[in-house]
Structures are given as C-alpha cells and as structure tokens.
Amino acid sequence: MTGNDALLALIRVFTEAGFPYMVVGSYSSNFWGIPRSTKDADVVVHVSAERWAEFPGMLPAGIELDDQMSFKMVTSTRREILRVTGSPFEIELFRLSDDPHDRERFARRVSEEIFPAVPVFLPTAEDVIVQKLRWSVAAKRPKDFSDVVTVMQVQWGKLDWPYIEKWCAEHATLEVLRQAIDQAAPAWENDD
Amino acid sequence: MREWSGSGSLTGMEEAIAEMAKVSDLLKVRRARKMTPRERFLAGAELFEEACLWSLAGIARRHPEMTEAERTEELKRMLRKANS
C-alpha cells in the first residue's frame, strides 16, 4: 500500500463514519505550493472520545494504530500514529485542539476533489501560511518557513493578506512573515 | 539573465551562481503553477516512495542476505536516524 493509498483509505473511513477532519502539514502546503517529498501525512480530526474509541476497529487492512501516543508541542495537541504495513510511510493523527487558530482554520477548511467521489478537506492557503509560520518560529523548523515561501510564490494574488496579518500579529510572527514575503517576492516580480 | 564569462572574480562567480539559483527557483514556481492541485497534493508521497526505492536498492546491494521485510526495517531505521 502506498502512502497516498493509505491516506485515501483513511479519508474513506472518516467520510463513512462522519468524522470531520482536514489534511494538514506538508500535504496541504504541497497542495497550495511547490511539492516536496513527504514521509507522512498529518490529519486533524474532530470527534468525541466515545466515537474515537470505535476508530481502531474501523481501520482497513494494511493500516495499524501505533500503541504509543504523544503530544505535539505549540498547541499541545494529542497525536497518534498510524503505521502502513510494509512501508516507512506514516499517518499522524491529531485531535482538534482548543487553540483559537486551530479552531478557526478547521472551521474555514475547504473541500477539494482529489480522489474520485471522495472529498478531501484541507486548510485554506492562508491558514497553511499562518500555521507554518508559527511552527517555523516555535519549533525552529526551517522547512516550515520554506513551505510558506512556496505557497506564497504559487498563490500570490489570491491570498487574503489582512487575514494572514491578523493571525501573525496574534502569534507574534509578523517579522518572519515579512521575511517570507521578501523571499517569495521575486517570483511575483518576474511573473510573465 | 547575465552571463558569467568564466574569467571573473570570485564575487562575479558568486553573483552568477545566485542568479542561476534565482532562475532555478522561478522555474520551480512556474512548473508548480502548471501542475493541477491534485497532482501537487499527490506528488509529495510519490517523491518519497521513489526515494525509498533507490534507498532500498542501495540496502539490497550492501546487504544481499536481507529479506525484503528486513530491508524495509533497515530503511525505517535509517529514516528514524535521519529525523532524530
């Protein structure tokens, strides 16, 4: 089973179970920006503890829930890992946190046609930028900053800048936002 | 794009390299804009799987005695080490 097959299988499970979710992380920045190799898929899911207890029994063959659970920094989100049999590819599952931006990006998520007859929910390009800038500072992850630059390079002109600036001010990431704009700018200036 | 003559100073060479990097970046942006969102969404895992195939071939060459499952485990171990 490939990584994309595993993600599709998981999305089918969420769709059939009626679990609201969105695919975040590098899949979302690849969707809006310049694709880069990714060894995992990150998915945020919003479901009650009772219904979540049903989840392991819903998993299709070839995908297993890892016993070890952890918490992700920045938003203290609970994280669970799904292993794909015979593949190093992983799917990381996060429960929707109470963080205000986590809530808002989930409410604004968009449905896209990726797989036939199965809608895929993703954060908007603006929310990818806001979240990845936050991670680039809080977790000191340069690849998040690079992802932001590529989303700006590809989506420039379609972005809601006041929305991005509002959240960057809230997260104290306006300086790094300016740096990303400076790096992305040549792609717009040299556009045909 | 300014051409580098090959006989300039180190600064001139650095400028030429910076210019080439800028052009390369622009080409990547244009290529990404031409892809459909679906293609961009799926490309990350596809690139990873291609890299895994090359890595598994390297492992098989170094460890011909390993089974396919053992090679996959070795690849997972290498990935964990690279991410730690």
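Since this is a predicted model, take the numbers as computed values, not measurements.

Caption draft 1: Fine view of the environment of D42 of chain A. Residue and element names in this part refer to chain A. For D42, the location among the structural elements is in strand β2 (residues 40-45). Judged by the 19 C-beta atoms lying within 10 Å of it, D42 is partly exposed. Between the alpha carbons of D42 and Y27 there is a distance of 7.6 Å; along the sequence they are 15 residues apart. Sequence-distant contacts of D42, that is, excluding residues within four places in its chain, are made with V24, G25, E92 and F94.

Caption draft 2: Molecular detail of the interface of chain A and chain B. Taken together, the 24 residues of chain A in the interface contact 24 residues of chain B. The set of elements that each furnish at least two residues to the side of chain A that touches chain B consists of α1 (3-17), α2 (25-32), β6 (110-115), α7 (142-155) and α9 (174-189) of chain A. Per-element tally for the side of chain A that touches chain B: the top contributor is α2 of chain A, with 4 residues. For the side of chain A that touches chain B, a count of residues per class yields 10 nonpolar, 11 polar and 3 charged.

Caption draft 3: Examining the nonpolar core more closely. Grouped together as the largest cluster of nonpolar side chains are 55 residues, with contacts concentrated most on V23, V43, V44 and I129 of chain A. The element that contributes the greatest number of residues to this core is helix α2 (residues 37-62) of chain B, accounting for 6 residues. If sequence neighbours within four positions are ignored, V44 of chain A has contacts with Y21, M22, V24, F94, L96 and F106 of chain A.

Caption draft 4: Structural context of the domain arrangement of chain A. Residues and elements named next belong to chain A. Per the domain assignment, the segments making up chain A are domain 1 (1-123) and domain 2 (125-192). The straight-line distance from the C-alpha centre of domain 1 to that of domain 2 is 23 Å. When contributions to the side of domain 1 that touches domain 2 are tallied by element, the ones reaching two or more residues are α2 and α5 (100-107). For the side of domain 1 that touches domain 2, the element with the most residues is α2, which contributes 4 residues. When grouped by side-chain class, the residues that make up the side of domain 1 that touches domain 2 number 5 nonpolar, 5 polar and 2 charged.

Calculation criteria
- Residues numbered from 1 in each chain as written.
- Chains lettered and ligands numbered in written order.
- Predicted model: local features only at pLDDT ≥ 70, side-chain atom pairs only at ≥ 80, totals over all residues.
- Helix = DSSP H or I, 4+ residues; strand = E, 2+ residues; numbered from the N terminus.
- Buried ≥ 20, exposed ≤ 12 C-beta atoms within 10 Å, placed from the backbone.
- Contact = placed C-beta atoms within 7 Å.
- Nonpolar A, V, L, I, M, F, W, Y, C, P; charged D, E, K, R; others polar.
- Core = buried A, V, L, I, M, F, W, Y, C linked by C-beta atoms within 7 Å.
- Domains from an automatic or database assignment.

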